[in-house]
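Structural overview
Residue strings, one per chain:
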Amino acid sequence: MTFFESHDARFARFVMGNAPVKKLATGFDWVEGPVWFGDAGCLLFSDIPNNRILRYTPDHGISTYRAPSNYANGHTRDRQGRLLSCEHGTRRVTRTELDGSITVIADSYQGKRLNSPNDIVVTADGAIWFSDPHYGIMTNYEGFAGEQELPCHLYRVDPSGQIEAVLTDFNCPNGLAFSPDEQVLYVADTGRMFSDDPQHIRRFDMTSGRPKGGKVFHAISAGCADGIRCDRDGNLWSSAADGVHCLAPEGALLGKILVPEVVSNLCFGGRAKHQLFITATTSLYAITLNRAGDQKP
């Protein structure tokens, strides 16, 4: 059985023939938002329809980290190691403090409720960036159906707490990732529900801390891009309907990791940050790569 599909000779250096795609756990409904905690040796991820955040450890398998989770979706860690979460049910972004208490980072903009925060990253200056598509309020499956009060924007929260809509020309911004030097921002536009919008990844050059440009970087086939993350060499790894696609910094498809379920999201982790953890519909998968992820902390 082959686990890879090469589209460029460079991809041969990224994968290893004796390192298979492994199914770590299954039986979920729609899993999303993986984040690695190296200091705890565990992975957290969301099972959104079942309103819970789960924990995976190599020695003990799956356990519940938080339930209910307010239908949490995407997660990341800030530079102090705290968990940041996008919650569909409460239409907010929260931070779990080191003592376990919850701090609300953002739940509104210009007096109106956010839609359903989806993916999130933190930059070296401490700013929190998150996407706010409408997926969690369009039905009762991943949260609560509700009125959309704001367009679907990408937001930046300054360390002072000030929130700014920095990208406002998306149909539905979803996954986001910075290049290792934070000079490039990638954002996946997965389009509005019940609409036939274009689906692609856009690339922005960072100028004075703000994204400029926004040309189409790559359009995933099969399916579309949802979660995206960079490795330390600046290659972008994207979810897709047939697995995970690896894209070179110039946008070329280098190769695919084949997964038997539709992939929603991914993150790097493990001992040397060389494992790729993959959330795919009902299951959690992992593969060891000959590449290290740009995973912080």
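Preceding this paragraph is the structure being described.
Sequence order sets the numbering: in each chain, residues are counted from 1 along the sequence as written. In keeping with the predicted nature of the model, local features appear solely for residues at pLDDT of at least 70, side-chain atom pairs appear and are counted solely at 80 or more, and the whole-chain, interface and lining totals rest on all residues. Hydrogens and water are ignored here; the side-chain numbers use all heavy atoms of the structure.

What about the overall build of the protein?
We count it as follows: Secondary structure counts use DSSP, requiring at least four H or I residues in a row for a helix and at least two E residues in a row for a strand, with both numbered from the N terminus. Each residue is placed in one exposure class: buried if its accessible area under a 1.4 Å probe, protein chains only, is under 20% of its type's maximum, exposed if it is over 50%, and partly exposed if it falls in between. A contact between two residues is defined here by any heavy atoms of the two lying within 4.5 Å. Throughout, the Shrake-Rupley method with a 1.4 Å probe supplies accessible areas, and for residues the shown protein chains are the sole cover considered. Charge counting follows a simple rule: Lys and Arg are positive, Asp and Glu are negative, and His as well as the terminal groups are ignored. For charged residues, the charge sits on one atom: NZ in Lys, CZ in Arg, CG in Asp, CD in Glu.
Scanning the protein for helices and strands turns up one helix and 27 strands. Taken along the three principal axes of its C-alpha coordinates, the protein extends 55 × 45 × 35 Å. A buried classification covers 57% of the 297 residues belonging to the protein. Within the protein, contacts between residues separated by at least 24 positions form 47% of all contacts whose residues are at least 6 apart in sequence. Only carbon and sulfur atoms are counted for the fraction: they give 48% of the accessible area of the protein, which is about 11800 Å². Charge-centre separation for the protein: the mean point of 29 positive side chains lies 4 Å from the mean point of 34 negative side chains.

Thoughts on the sheet that holds strand E20 (residues 210–218)
For the record, the criterion: Any two strands with at least two DSSP bridges between them are considered paired. Every axis corresponds to a line fitted to the C-alpha atoms, with the helix fit spanning only the stretch in contact, and the corresponding angles, defined between N-to-C directions, vary from 0 to 180 degrees.
Spatially, the four strands line up as an open sheet ordered E17-E18-E19-E20, and their pairing is antiparallel. Only two strands of the sheet have a single neighbouring strand rather than two, namely strand E17 (173–178) and E20. Each strand axis lies, on average, 25° off the axis of its neighbour in the sheet, ignoring direction. Here strand E18 (residues 184–189) runs beside strand E19 (residues 200–207); their pairing, made up of six bridges, is antiparallel. Counterpart to Val187 in the pairing with E19 is Arg202.

What to know about the sheet that holds strand E7 (residues 72–77)
In space, the four strands of this open sheet follow the order E7-E8-E9-E10, with antiparallel pairing throughout. Strand pairing shows two members of the sheet lacking a second neighbour, E7 and strand E10 (102–106), which therefore form its edges. Taking the axes of each pair of neighbouring strands and ignoring which way they run, one obtains an average angle of 30° across the sheet. Relative to strand E9 (residues 92–96), strand E8 (residues 83–87) is paired through five bridges, and the arrangement is antiparallel. Note on E9: the bridge partner recorded for Cys86 is Val93.

Quick notes on the environment of Thr139
Looking at where Thr139 falls in the secondary structure, it is placed in the loop between helix H1 (135–138) and strand E15 (154–157). In the structure, Thr139 is positioned 105 residues away from Val244 in sequence and 27 Å away in space, judged by C-alpha atoms. Beyond its immediate stretch of four places on either side in the chain, Thr139 contacts Phe144, Ala145, Met193 and Phe194.

Some thoughts on the pattern of salt bridges
Basically, it comes down to this: A pairing counts as a salt bridge when a side-chain nitrogen of Lys or Arg comes within 4 Å of a carboxyl oxygen of Asp or Glu.
The full count for this structure, using the stated rule, is 21 salt bridges. One salt bridge in this structure joins Glu149 and Arg113, with 2.7 Å as the shortest N-O distance. Remark: Arg113 occurs in strand E12 (residues 112–113) and Glu149 occurs in the loop between H1 and E15; sequence separation between them is 36 residues. Take Glu149: its relative accessible area is 25%, and that puts it in the partly exposed class. In this structure, Arg203 engages Asp205 in a salt bridge whose closest nitrogen and oxygen atoms are separated by 2.6 Å. For Asp205, a relative accessible area of 38% corresponds to the partly exposed category. One network of salt bridges, with partners in common, ties together Asp78, Arg82, Arg95 and Glu97.

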